[in-house]
Protein chains: 4
Amino acid sequence: MPGNTFGSRFKITTWGESHGKAIGVVIDGCPAGLALDEQDIQIYLDRRKPGQTKYSTPRREDDQVEILSGVFEGKTTGTPISLIVYNKTARSRDYSEIAGYYRPGHADYTFQEKYGFRDYRGGGRTSGRETIGRVAAGAIAAKILSELGIHIMAYTKSIGPVTVDSRQMDFDEIRNNPLCMPNAQAASQAADFLDECMKHKDSAGGLIECRITGLIPGIGEPVFDKLDASLARAILSIGAVKGFEIGDGFKAAGLTGSTHNDAFAPGTPDPVKRTNHSGGVLGGLSDGAEIVFRAAIKPTPSIAKTQQTVNAHGEAIEISIGGRHDPVIVPRAVVVVESMAALTVLDLVFDNMTARMDGIRCFYSVSE
Amino acid sequence: MPGNTFGSRFKITTWGESHGKAIGVVIDGCPAGLALDEQDIQIYLDRRKPGQTKYSTPRREDDQVEILSGVFEGKTTGTPISLIVYNKTARSRDYSEIAGYYRPGHADYTFQEKYGFRDYRGGGRTSGRETIGRVAAGAIAAKILSELGIHIMAYTKSIGPVTVDSRQMDFDEIRNNPLCMPNAQAASQAADFLDECMKHKDSAGGLIECRITGLIPGIGEPVFDKLDASLARAILSIGAVKGFEIGDGFKAAGLTGSTHNDAFAPGTPDPVKRTNHSGGVLGGLSDGAEIVFRAAIKPTPSIAKTQQTVNAHGEAIEISIGGRHDPVIVPRAVVVVESMAALTVLDLVFDNMTARMDGIRCFYSVSE
Amino acid sequence: MPGNTFGSRFKITTWGESHGKAIGVVIDGCPAGLALDEQDIQIYLDRRKPGQTKYSTPRREDDQVEILSGVFEGKTTGTPISLIVYNKTARSRDYSEIAGYYRPGHADYTFQEKYGFRDYRGGGRTSGRETIGRVAAGAIAAKILSELGIHIMAYTKSIGPVTVDSRQMDFDEIRNNPLCMPNAQAASQAADFLDECMKHKDSAGGLIECRITGLIPGIGEPVFDKLDASLARAILSIGAVKGFEIGDGFKAAGLTGSTHNDAFAPGTPDPVKRTNHSGGVLGGLSDGAEIVFRAAIKPTPSIAKTQQTVNAHGEAIEISIGGRHDPVIVPRAVVVVESMAALTVLDLVFDNMTARMDGIRCFYSVSE
Amino acid sequence: MPGNTFGSRFKITTWGESHGKAIGVVIDGCPAGLALDEQDIQIYLDRRKPGQTKYSTPRREDDQVEILSGVFEGKTTGTPISLIVYNKTARSRDYSEIAGYYRPGHADYTFQEKYGFRDYRGGGRTSGRETIGRVAAGAIAAKILSELGIHIMAYTKSIGPVTVDSRQMDFDEIRNNPLCMPNAQAASQAADFLDECMKHKDSAGGLIECRITGLIPGIGEPVFDKLDASLARAILSIGAVKGFEIGDGFKAAGLTGSTHNDAFAPGTPDPVKRTNHSGGVLGGLSDGAEIVFRAAIKPTPSIAKTQQTVNAHGEAIEISIGGRHDPVIVPRAVVVVESMAALTVLDLVFDNMTARMDGIRCFYSVSE
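Just so it is clear, the model here is predicted, and its values are computed rather than measured.

Chemist: Report on the sheet that holds strand 2 (residues 11–16) of chain D, specifying residues and quantitative values.
Modeler: Strand order in this open sheet of five strands is 1-2-3-7-4 (chain D), and the pairing throughout is antiparallel. Each edge of the sheet is formed by a strand with only one pairing partner; in this case those strands are strand 1 (5–6) and strand 4 (65–67) of chain D.

Printed below as a string of structure tokens:
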């Protein structure tokens, strides 16, 4: 499987390089009858747009999405939805230098080894611009989910050493600060930390946390396509992610059964859990509680600080990566995490529709 | 996708419940001409067998694998390999009690909600016995990989609060202690900790670390089927896993670019990295360094300590789970992690064979 | 894709060789709550059993199916259903001769070339016994479909030169004669023709026709997964099939638009077609009329008549295939055609459940 | 599976409607290092272009392909190749009439039923323009195959009652006549027949035959992904195809084993078949002989002759389809058949690369 397709029923295929003509995505399996226009998608794309604050690259990426197919008279038709974003920015820069060496922390070397050849302009397909297709498709998945009462919200949990305390989260604050943190004071401290990083020509990483509400119990497939396993793959497939955990995650390894197990309590109409150490998943299926997971994002690899590497001839050289780059990509990755979560959950919601004979009988008799 | 199939080219489908007649796996896509007998597989199964120490359930699971198809005259034929393990243990126990309530930390409730109905005997399909199929198939994948010079080794990194120091690892020790730890002293401390847990009718979790050597650079597919994303899904699909990280993992979120980037240095025949913060993956492709990842395992949910839950009528009750259960499943999960890693890597090694035109031309002209 | 898996949502994986220990199938994606026992499946298997008439091989294949997993208290649980049929017949025969040459019309040569090695005992995986897995799974698919009001019926349309006239079909007759023909007189003539074939140590082919009723309009997916394209693949995947046509099929190539188009007429609740040249499919989707397709089955390749071939050393030899073989496989293939049709249609019925937003909204709100 | 993706390793996803902004395809899995420019693809697209003769619609479809991604410095990079063709033709026509009724022989009714809603402009996604994506991708597949020595050639075998005799084929003639027939005299007779059809406001169907040379033995996967089954699905997925046969096809049903079996004869380096009744496939795998298959194409459903149908209110009406339409689509479908065959064969050639351990060992050791 060549790897640019995600999902089995709500299936997306992304394409495009940083400095190619355009970037896009084809969505196959979007149900007919969803009201959809370009603005629904643009809102999501604007959230990943750089150049909005001093903590992201000042390159202007004026990414306007265009719907090329699959929508007629304002509604989806059930046929593939093709979305395109042209790479408008002038691309005058000379990339011949970058072609000649391998940037540490980047995929230059591995692409060269895999394909014997690479599009070195701005990272080509390995550029963060690759996520445009994910976010554009994720916007549609999220819209469908919201019509079913399922909502997804991600935010910056930490940047470098600055972490938002779980007991002091203000979700309304997320869109108020450029770092997407649910706590104004933490956002301010993180900004100070980033200023320090930039002063030292260095960069930072951080944590993104994501919450999903409204899932009925039983979403996910047992064994290999568990909800948490599917989310892990989706999230790790985002370029800079180095770790994934759900619920108590790595902390769970140090707990005992009696402190980690969530007791059930009577509820209406269904039983509820008294705690949520599991993060909303039991046996790979949603358990009715909120889904909570976290992703670890590595520091931006492009830094102005001098680094050691080798050139195409295998000789040791020193480089300093010019241009201005995001000192931290965490805030821009928040909407990418939401998008991948939406795509994952929607596919599993669709899968779940054939779990029981009574549901199928009901559906088929209604359709007749 | 119903979820019991893993892999696209070396594709396995597992089946079977804890207390059904048998458990098994069908492997489709195993190349012809591999020497294979039941002993190759039994060795792996024996490593996950319980009842070997006081830290695993004393139930005797005398799991003998039988090859039903796909092997002729000691070699694989290229057709599906069907492996079966009969559930021999006498199953006299009365499970009617368990049928009537939801065990905390187990999938009883979520299966009931998804399917409207569940096989409650010993957890049914959600039992740890489900991993028999994974391990049996993983043994074959690992054998193929080892013929290509690729080796996978997992071990217990920590149990509860007892962690093996990375600078004091002795890999030869792993098979010497029942906890699969690469350090005899840590193993002894962990044993003491488990004795305490058992005394308190409680259980423990831990960390498993896995190392893969021998991968050429470029294994993995960009974007959605990255090597690390694929591993994350594979590992999170194991019942008790709550987190996955590669290389520096969650620690990377707190580092700066200059401390996290791995510098390249000249090497023969290929450049090498001076450090391995990335864990052997750049841009989702193997980078020539050792692959290193960790999985967080939750404490065993079956504990004798009294727990609160609800019964099938939605009423609050208190339960104490009888029988003897593993106070920790980490050591038995080590071979499951190795198996899932082997299955993941082999599939991507196969995928990589069509990455370049020159490789395909070469292959096709040799075949003629 | 290694090729032993069929379907994406109701997904089957078959395994087993003619002379291996057993043959079987794993069904993944069967909804929970279907009443199922071994007898439901055995009825189908018995229809493909040989040795029932003089027109099929007198080898006794006492194929008893056993359910190994996925069914609890008489109902499917939603987990994989593993079915096994042990190869009980004594296998004393010496196959070393067959190992040394390539039988014309068989896959001996192509398997040898593909895999460099083959299980030559009774054809191994290329034996007609491979269809046991298909039929066992097909029985379950057909049971689900019948609960939705969808029925599939295949029969022998012709054997050699003897064809049943479309205007003289008596479907009640199909199970009354050993050749599964819907006309007693034609069956008698075909029997005479087969007697002649056998006298000349030769074999015959024929046509199977299949009819599917009860499909609502719109089943099938546009473009590559059309209902007719999916059926064609399913039917051609049966060993001896050399052609597939739907509706007027090849005859359509000689008609004009005005004679081939089916006019629509008012109907209740939906419009109806006045004719059915299309065979029940328009644009790859069911159109509400009966689905009608035909498969061309080649004559049995194993014949006692002397044939020319080459041995493993590439030398020309003459052979006469001993043992008794089916002089025609058409009647035994009837249930295989029905099974493959059932598997195909059920998968597309499941796929169709996410075609529209209103259906999804309805389903999700009911589930809550 | 929503149905707009074809292939597992060389995987294409097509999108676009007749009267949308554009039509296109994304190709994922094209190996790196293939020389490719737009002209390679345009040549194929020009072969399906209408308006070239009086036997195809005079609508001018000036379909210029543009490569949006996946090619750098004239070579494929291994990343997805996105191809787009803008729908340039002025689309001033009023389609409101067509929106109100169901055209016989078209998918208007079935799309309406499936999706509850349809893009009625020019047939939307069900238009023949949908094949643009297939042909654009097929051009690339064919280029790769030709580098491996595999060649695919299709042509018009018959139009209405005019059939080219197999013994009088002149393949050089195919591109000399507008009907793509390999015999000038037959082409002239077919032209006369089409003139008659047009005079009667009617249309015609026909047969396309396709030949594939250069395949080594063993291409195809046993059981469900047989070469012939895969071709059948690929070909039937083309809008107007009603039948598929390989080798002797339907004629085989009337032959005996002794007349249908192909005898093997000694050959260098491999044995050869003395005849080719099988059409180049044994047991679903290529047998070293030429692959020969045929597709039955129905007459164009859009005819000027008066037809009966119902309108959106379910009332009986009479219609005459205005505008000029292809009186026969067979010649334009020739390149679509070639394209689908190329896509099918290439995928199976890639699949075959992991059939044997020795091939894998060799490949992996060369890569290191």
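Chemist: Outline the packing of helix 5 (residues 227–236) of chain B against helix 7 (residues 330–351) of chain B, supporting the account with residue identities and numerical values.
Modeler: Angle between the axes and distance between the axes are the two parameters that describe a pair of packed helices. Residues and elements named next belong to chain B. Viewed as axis vectors pointing N to C, helix 5 and helix 7 meet at an angle of 145°, and their least axial separation amounts to 9 Å. Classified by chirality, the crossing of helix 7 by helix 5 is right-handed. Judged by residue contacts, L227, S230, L231, A234 and I235 of helix 5 engage V337, M340, A341, T344, V345 and L348 from helix 7. Taken together, the residues that form the contact of helix 5 with helix 7 break down as nine nonpolar, two polar and no charged.

Chemist: So what about the interface of chain C and chain D? Which residues, and what values?
Modeler: Contacts between the two partners involve 102 residues from chain C and, on the opposite side, 103 residues from chain D. On the chain C side of the interface with chain D, the three residues burying the most area are K114(C), F224(C) and K242(C), jointly 11% of the side's total. Run the count over chain C and chain D and you get four salt bridges. Broken down by element, the side of chain C that touches chain D gets its largest block of residues, seven residues, from helix 3 (residues 108–115) of chain C.

Chemist: Please set out the environment of V366(A) residue by residue, giving values where relevant.
Modeler: Residue and element names in this part refer to chain A. When you line up the elements, V366 lands in helix 9 (residues 357–367). Taking the relative accessible area as the measure of exposure, V366 reaches 56% and is therefore exposed. For the pair V366 and A35, spaced 331 residues apart in sequence, the C-alpha separation works out to 23 Å.

Chemist: Got a sec to walk through unusual backbone geometry? Specific residues and values, please.
Modeler: Between T268(B) and the following residue, P269(B), the backbone shows a cis peptide bond with an omega angle of 0°. Within the fold, P269(B) resides in the loop between strand 12 (264–265) and strand 13 (272–273). Even without glycine at this site, V223(C) takes up a positive phi of about 65°. Backbone geometry at C180(D) places phi at a positive 60°, although glycine is not the residue there. Its place among the elements puts C180(D) in the loop between strand 9 (162–163) and helix 5 (184–199).

Chemist: Before we move on, could you go through the sheet that holds strand 7 (residues 81–86) of chain A and cite the residues and values that matter?
Modeler: All names here are of chain A. Ordered by their spatial adjacency, five strands build an open sheet running 1-2-3-7-4, and the pairing between neighbours is antiparallel. Across the chains shown, the open sheet's two edge strands, defined by having one partner strand only, are strand 1 (5–6) and strand 4 (65–67). As paired strands, strand 2 (residues 11–16) and strand 3 (residues 22–28) are joined by six bridges and run antiparallel to one another. The residue bridging T14 from the neighbouring strand is V25, located in strand 3. Its contacts with the sheet place helix 1 (residues 38–48) against strand 4 and strand 7, and it is angled at close to 155° to strand 4. Helix-sheet contacts for helix 4 (residues 131–147) involve strand 2, strand 3 and strand 7, and the interaxial angle to strand 3 is about 35°.

Chemist: How would you summarise the pattern of salt bridges if you had to cite specific residues and measurements?
Modeler: Residues and elements named next belong to chain A. Under the criterion given, the structure shown has 98 salt bridges over all chains. A salt bridge links R134 to E130, with the shortest nitrogen-to-oxygen separation between them at 2.5 Å. E130 sits in the buried class, given a relative accessible area of 7%. With its nearest N and O atoms 2.7 Å apart, the salt bridge here joins E209 to R294. Remark: R294 occurs in strand 16 (residues 291–297) and E209 occurs in strand 10 (residues 206–213); sequence separation between them is 85 residues.

The rules we used
Residues numbered from 1 in each chain as written. Chains lettered and ligands numbered in written order. Predicted model: local features only at pLDDT ≥ 70, side-chain atom pairs only at ≥ 80, totals over all residues. Heavy atoms only, no water. Pairing = 2+ DSSP bridges. Helix = DSSP H or I, 4+ residues; strand = E, 2+ residues; numbered from the N terminus. Axes fitted to C-alpha atoms, helices over the stretch in contact; angles between N-to-C directions. Left-handed = near helix turned anticlockwise from the far one by under 90°. Contact = heavy atoms within 4.5 Å. Nonpolar A, V, L, I, M, F, W, Y, C, P; charged D, E, K, R; others polar. Buried area = accessible area lost by both parts, 1.4 Å probe. Salt bridge = Lys/Arg side-chain N within 4 Å of Asp/Glu carboxyl O. Buried < 20%, exposed > 50% of the residue type's maximum accessible area, 1.4 Å probe, protein only.

Keep in mind these values describe shape, not function.
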